[in-house]
Amino acid sequence: MSQADQSHAAGAARDSDPGRAAVASAYQRFEPGAYLRNNYAPPRGDLSSPDGVGPWKLRCLAQTFATGEVSGRTLIDIGSGPTIYQLLSACAHFEDITMTDFLEVNRQELGLWLREEPGAFNWSVYSQHVCLIEGKGESWQEKEHQLRARVKRVLPIDVHQPQPLGIASLAPLPADALVSAFCLEAVSPDLTSFQRALDHITTLLRPGGHLLLIGALEESWYLAGEARLAVVPMREEEVREALVLSGYEVRDLRTYTMPAHLRTGVDDVKGIFFAWAQKKVGVEV
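A quick note: this is a predicted structure, and the numbers were derived from the prediction, not measured.

Engineer: Can you explain the overall build of the protein? Please cite residues and give values.
Structural biologist: Counting its secondary structure elements, the protein contains nine helices and nine strands. In terms of overall dimensions, the protein is globule-like: its C-alpha atoms have a radius of gyration of 17 Å, near the 19 Å expected for 285 residues. Based on the C-alpha atoms only, the size of the protein along its principal axes is roughly 50 × 45 × 40 Å. Expressed as a percentage of its 285 residues, the buried residues of the protein come to 56%. Pairs at least 24 residues apart make up 73% of the contacts formed inside the protein by residues separated by at least 6 positions. A total accessible area of about 11900 Å² is found for the protein, and carbon and sulfur atoms account for 51% of it.

Engineer: Summarise the confidence of the model for the protein; cite the residues concerned and give the values.
Structural biologist: Of all residues in the protein, 93% attain a pLDDT of 70 or more, and the chain-wide mean is 93. Note on residues 1-15: pLDDT is under 50 here. Beyond four places in sequence and across chains, it has 24 contacts.

Engineer: Explain the pairing of strand S6 (residues 221-224) residue by residue, including any values.
Structural biologist: Here four bridges tie S6 to strand S7 (residues 227-230), and the two strands are oriented antiparallel to one another. Within S7, the position partnered with Trp221 by the bridge is Ala230. Joining the antiparallel neighbours S6 and S7 is a turn of two residues, in which Gly225 adopts a positive phi near 75°.

Engineer: Can you lay out the UniProt feature "binding site: S-adenosyl-L-methionine" (unreviewed entry) in the protein for me, pointing to particular residues and giving the numbers?
Structural biologist: Taking the numbering used here, the UniProt-annotated feature "binding site: S-adenosyl-L-methionine" (unreviewed entry) corresponds to Tyr35, Tyr40, Gly79, Ser80, Tyr85, Asp101, Asn106, Asp158 and Val159. In sequence the annotated residues extend across 125 residues, and in space they extend as well, their farthest C-alpha pair lying 24.5 Å apart. Relative to the helices and strands, Asp158 is located in the loop between strand S3 (151-156) and strand S4 (175-181). At a separation of 3.0 Å, a polar atom in the side chain of Asp158 contacts the main-chain amide nitrogen of His160. Its location among the elements puts Val159 in the loop between S3 and S4. Owing to a relative accessible area of 4%, Val159 belongs among the buried residues under this scheme. Sequence-distant contacts of Val159, defined by excluding residues within four places in its chain, comprise Ile78, Pro164, Cys183, Leu184, Val187, Ala197, His200 and Ile201.

Engineer: Break down the packing of aromatic side chains for me, with residues and values.
Structural biologist: One pass over the full model with this rule turns up 13 aromatic pairs. Pairing Trp123 with Tyr126 gives two aromatic rings, centres 5.2 Å apart and planes at 70°, and the pair type is edge-to-face. Exposure remark for Tyr126: the relative accessible area of 3% places this residue in the buried category. Over the aromatic face of Trp221 sits the side chain of Arg228, whose NZ or CZ is 4.2 Å from the ring centroid.

Engineer: Provide a residue-level description of the packing of helix H4 (residues 53-66) against helix H6 (residues 124-134), including the pertinent values.
Structural biologist: Taken N-terminus to C-terminus, the directions of H4 and H6 make an angle of 50°; their axes are 10 Å apart at the nearest point. When the interaxial angle is binned, H4 and H6 end up oblique. For the crossing formed where H4 meets H6, the hand is right-handed. Every residue of H6 that contacts H4 at Pro55, Leu58, Arg59 and Ala62 is listed here: Tyr126, His129, Val130, Ile133 and Glu134. Along the lines of polarity and charge, the residues of the contact of H4 with H6 split into six nonpolar, one polar and two charged.

Engineer: Which residues make up helix H5 (residues 104-114), and what values do they have?
Structural biologist: One turn of the α-helix equals 3.6 residues, which is why residues spaced by three or four share an orientation. Taken as a whole, H5 has its buried residues at Asn106, Arg107, Glu109, Leu110, Gly111, Trp113 and Leu114. Glu116, located one to two residues past H5, shows a positive phi value of around 55°.

Engineer: Tell me what's going on with the sheet that holds strand S8 (residues 248-257), and back it up with residues and numbers.
Structural biologist: Read from one edge of the open sheet, seven strands run S3-S2-S1-S4-S5-S9-S8, paired in mixed fashion. Every other strand in the sheet has two partners, leaving S3 and S8 as the edge strands with one partner each. Going across the sheet, the axis of each strand differs from the next one's by a mean of 15°, ignoring polarity. In the sheet, S4 pairs with strand S5 (residues 205-217) via six bridges, with the strands oriented parallel. Looking at S5, one finds that Val179 is bridged to Leu212. Its contacts with the sheet put H4 on S5, S8 and strand S9 (271-279), and the angle it makes with S9 is roughly 15°. Of the strands in this sheet, strand S2 (96-101) and S3 touch H5, which is tilted by about 165° from S3.

Engineer: Mind laying out the side chain of Glu144, listing which residues take part and the relevant values?
Structural biologist: Note that Glu144 resides in helix H7 (residues 140-150). With residues near it in sequence (within four places) discarded, Glu144 still touches Trp113, Trp123, Ser124 and Ser127.

Engineer: Just give me the short version of helix H3 (residues 32-40), but keep the residues and values in it.
Structural biologist: Judged by how many residues are buried, H3 sits mostly within the fold: seven of nine residues are covered. Three or more residues of H3 are buried, namely Pro32, Ala34, Tyr35, Leu36, Asn38, Asn39 and Tyr40. Taken together, the buried residues of H3 touch H4, H5, H6 and S6.

Rules used throughout
- Residues numbered from 1 in each chain as written.
- Predicted model: local features only at pLDDT ≥ 70, side-chain atom pairs only at ≥ 80, totals over all residues.
- Heavy atoms only, no water.
- Helix = DSSP H or I, 4+ residues; strand = E, 2+ residues; numbered from the N terminus.
- Rg over C-alpha atoms; globule rule 2.2 N^0.38 Å.
- Buried < 20%, exposed > 50% of the residue type's maximum accessible area, 1.4 Å probe, protein only.
- Contact = heavy atoms within 4.5 Å.
- Areas by Shrake-Rupley, 256 points an atom, 1.4 Å probe, with all protein chains shown as cover.
- pLDDT = per-residue confidence, 0-100.
- Pairing = 2+ DSSP bridges.
- UniProt positions renumbered as here; feature names shortened; annotations may be inferred.
- Polar contact = N/O pair within 3.5 Å; in protein donor to acceptor, adjacent residues only side chain to side chain.
- Phe/Tyr/Trp six-rings, centres within 6.5 Å; stacked < 30°, edge-to-face > 60°.
- Lys NZ or Arg CZ within 6 Å of the ring centre and 35° of its normal.
- Axes fitted to C-alpha atoms, helices over the stretch in contact; angles between N-to-C directions.
- Parallel < 35°, antiparallel > 145°, perpendicular 65-115°, else oblique.
- Left-handed = near helix turned anticlockwise from the far one by under 90°.
- Nonpolar A, V, L, I, M, F, W, Y, C, P; charged D, E, K, R; others polar.

Now the structure itself:
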């Protein structure tokens, strides 16, 4: 565990919340490579079928950015994990992107891809698919080059802290938009903690700014190598209510039911949600 990760874990423990301390401890066994294989290599990483989970997520993001409403200068990706696909459509609309994760191993994994180093996960199939559905005539190499150029920093984050990026954040704040995929429900011991984490990240977003949130529905655990991680089982109505309580107008909320052939034993997820929410002006969280 790095010094930064030790301080994060210590911070969780100091909060005298045994649930969150247990989450921080469990994540020290997280293996990025195993997580990527489980979720972003075939069968779940097979993008050839339009009914697959990968195409569904990429389509939700592409269609939302295509409205032109979610744009600005700065975007923060909350809890990036070891993945970059969630920003492939975003990078055309924001010139300054901050990626974040609690774990140093995930930040290192992101660094491999951003620097085009050996051993980096190959996201080209995802980049090709996004270029196809966006239909702008852009090559996947151009898409990846633009994303790499616009990611300006990869920072530690702890969504359970009132200032998730720390007191002296290196990211320009408040951001014009936030993206977060499979983070909050996967690091919160219960629904109350999920709500509080959502409140915390909302402080990073300007009034009128947009949040694009992707997460698991009715999932209680998932595997990442030796790590078995607990998840808050969320229902669609709970996602909507949490967003409203955090001061958002829900612009779009879609759900996807995980088909039987993609229930591969690496988790017990039943479905996925995609939410587009806009922070109300004049609402203090």
